Amino acid sequence: SLYISKSSANRFMAEYYIVKKQIPIASTYAEKALFFGKKSNDEVALMEANLTHGKILFQRKKYQEAIITLKEADINAYAFDKNAFITIHGLMAESFAKLGNWQDAYKHHVIYASANENVWKESAKQSIANAEARFQNKYKQEKINFLSSENKIKNLEIENTRRNQIYLGIGAFLLLIIAAL
């Protein structure tokens, strides 16, 4: 929908300005992203907008507000985007630590570390699967190339045999003509 697109566009701009450390400008875009995310009724757009808004609140050292916003972003985040889920819990752990709430900081750090490890494991498995697929494809292509070369050689041998048979036939025919004379 249009609201999802507007939310995403504003969120991308906010993320851009977060990276550029221009937090006031990023905040303006993040608020628009949140507004359109709520209007869209799309859980993913809202989660992403809340995450971006939470990042800005964290940058502004508004840790309590960041935690509230990040908790809203956390709803179904793992199902939608595992990297967002990891970022959410990393920021929540840091926010709780900044507030001196070590128990909740530790809890969210454990969630962060576990999810991060799972994503790395999945990524490693995918990389291994991709490498194996590339190897299999290369092996099959080499086998196809070998069989194709072998087939060309056999076709050339068949062609040479036919040519020799034609020459022998012509030679035998000429011998018969000569013998008949």
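As a reminder, the structure under discussion sits directly above these lines.
Residues numbered from 1 in each chain as written. Predicted model: local features only at pLDDT ≥ 70, side-chain atom pairs only at ≥ 80, totals over all residues. Heavy atoms only, no water.

Colleague: So what about the pattern of salt bridges? Which residues, and what values?
Modeller: If you walk through the whole model with that rule in mind, you get four salt bridges. Ionic pairing is found between Arg11 and Glu48, a salt bridge with its closest N-O pair at 3.3 Å. Of the two residues, Arg11 sits in helix 1 (residues 2–19) while Glu48 sits in helix 3 (residues 43–59), which places them 37 residues apart along the sequence. (Salt bridge = Lys/Arg side-chain N within 4 Å of Asp/Glu carboxyl O. Helix = DSSP H or I, 4+ residues; strand = E, 2+ residues; numbered from the N terminus.)

Colleague: Break down the packing of helix 6 (residues 82–98) against helix 7 (residues 102–180) for me, with residues and values.
Modeller: Two packed helices can be described by the angle between their axes and the distance between those axes. Where helix 6 meets helix 7, the axes come as close as 8 Å, and the angle between the chain directions of the two elements is 155°. In terms of axis orientation, helix 6 runs roughly antiparallel to helix 7. As for how helix 6 packs across helix 7, the hand of that crossing is left-handed. Between helix 6 and helix 7, the contacting residues are Lys82, Asn83, Phe85, Ile86, His89, Gly90, Met92, Ala93, Phe96 and Ala97 on the first element and Trp102, Asp104, Ala105, His108, His109, Ile111, Tyr112, Ala115, Asn116, Val119 and Glu122 on the second. When grouped by side-chain class, the residues that make up the contact of helix 6 with helix 7 number 12 nonpolar, six polar and three charged. (Axes fitted to C-alpha atoms, helices over the stretch in contact; angles between N-to-C directions. Parallel < 35°, antiparallel > 145°, perpendicular 65-115°, else oblique. Left-handed = near helix turned anticlockwise from the far one by under 90°. Contact = heavy atoms within 4.5 Å. Nonpolar A, V, L, I, M, F, W, Y, C, P; charged D, E, K, R; others polar.)

Colleague: Lay out the environment of Ala26 in plain terms, naming residues and giving numbers.
Modeller: The residue Ala26 is located in helix 2 (residues 23–40) in this model. Take Ala26: its relative accessible area is 0%, and that puts it in the buried class. Ala26 sits 33 residues away from Gln59 along the chain, and the two C-alpha atoms are 11 Å apart. Setting aside chain neighbours within four positions, we find Ala26 in contact with Ala14, Tyr17, Ile18 and Ile56. (Buried < 20%, exposed > 50% of the residue type's maximum accessible area, 1.4 Å probe, protein only.)

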